[in-house]
Amino acid sequence: MSRIPIYEGYEGSYFFFVVMHDRAKGSMMDKTCGFSVGQDDGRMYLEKFFLRFQDKSLRMNKVHAKAGIQVFYSQKAWMGLLGEIHYETVFLKNCLKNLTGKSYKRSDDPGFYAFDGRKKSTGVEDTSFADGLASVIEFYERFTYFSKRMIGKNPEKPFIMVKKD
């Protein structure tokens, strides 16, 4: 199974971090406490959740609505987004079980809790449909894990900012 990478800090095209308020210049961006995913992975697997939970009442979301470069989420909205990702994960696990006859079981590999390093692409890998589903399931589980960990380390910062390059 190939792994959909999640990077520590400001590495990918979609960067997630917690901020004090929804004013970009005063947000005190701490690029070390966040994590990121690649542009294609963010667009393919996460964008639909971002659009569904975007809080248009936040001041900076009104200002940046057309540009779409950065979007702010309250912690409540972000937890709702993570809940929807959980439901999607349950659905994908059921699909995988129907496809293979076996339940998805995450490996106990400690690498699950580690960020990925940058690697040069060696081309397109052949993967089965079942392996692809398992990769997406693991990606969603890891995304949820890193999101909750990021919020837990910074409970005093009530907003999550998603910055797209």
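Only a predicted model underlies this, so the values are computations on that prediction, with no experimental measurement involved.

S.K.: Any chance you could explain the packing of aromatic side chains here in plain terms?
M.R.: Where two aromatic rings form a pair, the distance of their centres and the angle of their planes describe that pair. Per the counting criterion, the structure on display carries 18 aromatic pairs. Arranged with centres 5.7 Å apart and planes meeting at 50°, the rings of Tyr45 and Phe139 form a pair that is tilted. You can see Tyr45 sitting in helix H1 (residues 39-53) and its partner Phe139 sitting in helix H4 (residues 129-153), a full 94 residues away along the chain. Like Tyr45, the residue Phe139 is buried in the burial classification.

S.K.: Just checking my understanding: could you explain the nonpolar core for this structure?
M.R.: Burial of nonpolar side chains together is a common tendency in soluble globular proteins. Among the nonpolar cores identified, the biggest contains 43 residues, and Phe16, Leu46, Phe50, Trp78, Leu81, Tyr140 and Phe143 are the most heavily contacted of them. Ranked by the residues each element gives to this core, the list is headed by H4, at eleven residues.

S.K.: Honestly, the pattern of salt bridges in this entry has me stumped. Any pointers?
M.R.: Opposite charge on two side chains permits pairing when their charged atoms draw close. Scanning all chains against the criterion turns up nine salt bridges. A salt bridge links Asp116 to Arg3; the nearest nitrogen and oxygen atoms lie 2.8 Å apart. Residue Asp116 is found in the loop between helix H3 (75-100) and H4, and its partner Arg3 is found in the segment before strand S1 (7-8); the two are separated by 113 residues along the sequence. Residues joined in a network through salt bridges with shared partners are Arg3, Asp116, Glu138 and Arg142.

Parameters at a glance
- The numbers attached to residues start from 1 for each chain and follow its sequence in the written order.
- Given that the model is predicted, a residue must reach a pLDDT of at least 70 before its local features are reported, and side-chain atom pairs must reach 80 or more before they are shown or counted; all residues, however, enter totals for whole chains, interfaces and linings.
- Note that the side-chain values use all heavy atoms of the structure and ignore hydrogens as well as water.
- Here is the rule: rings of Phe, Tyr and Trp (six-membered ring for Trp) pair when centre to centre is within 6.5 Å. Planes less than 30 degrees apart are stacked, more than 60 are edge-to-face, and the remainder are tilted.
- The numbering of helices and of strands both runs from the N terminus, where a helix is a DSSP run of H or I of at least 4 residues and a strand a run of E of at least 2.
- Relative accessible area decides the class of each residue, using a 1.4 Å probe on protein chains only: under 20% of the type maximum gives buried, over 50% gives exposed, and in between gives partly exposed.
- Throughout, nonpolar core names a set of buried Ala, Val, Leu, Ile, Met, Phe, Trp, Tyr and Cys residues whose side chains join them through atoms within 4.5 Å.
- By salt bridge we mean one thing: a side-chain nitrogen of Lys or Arg within 4 Å of a carboxyl oxygen of Asp or Glu.

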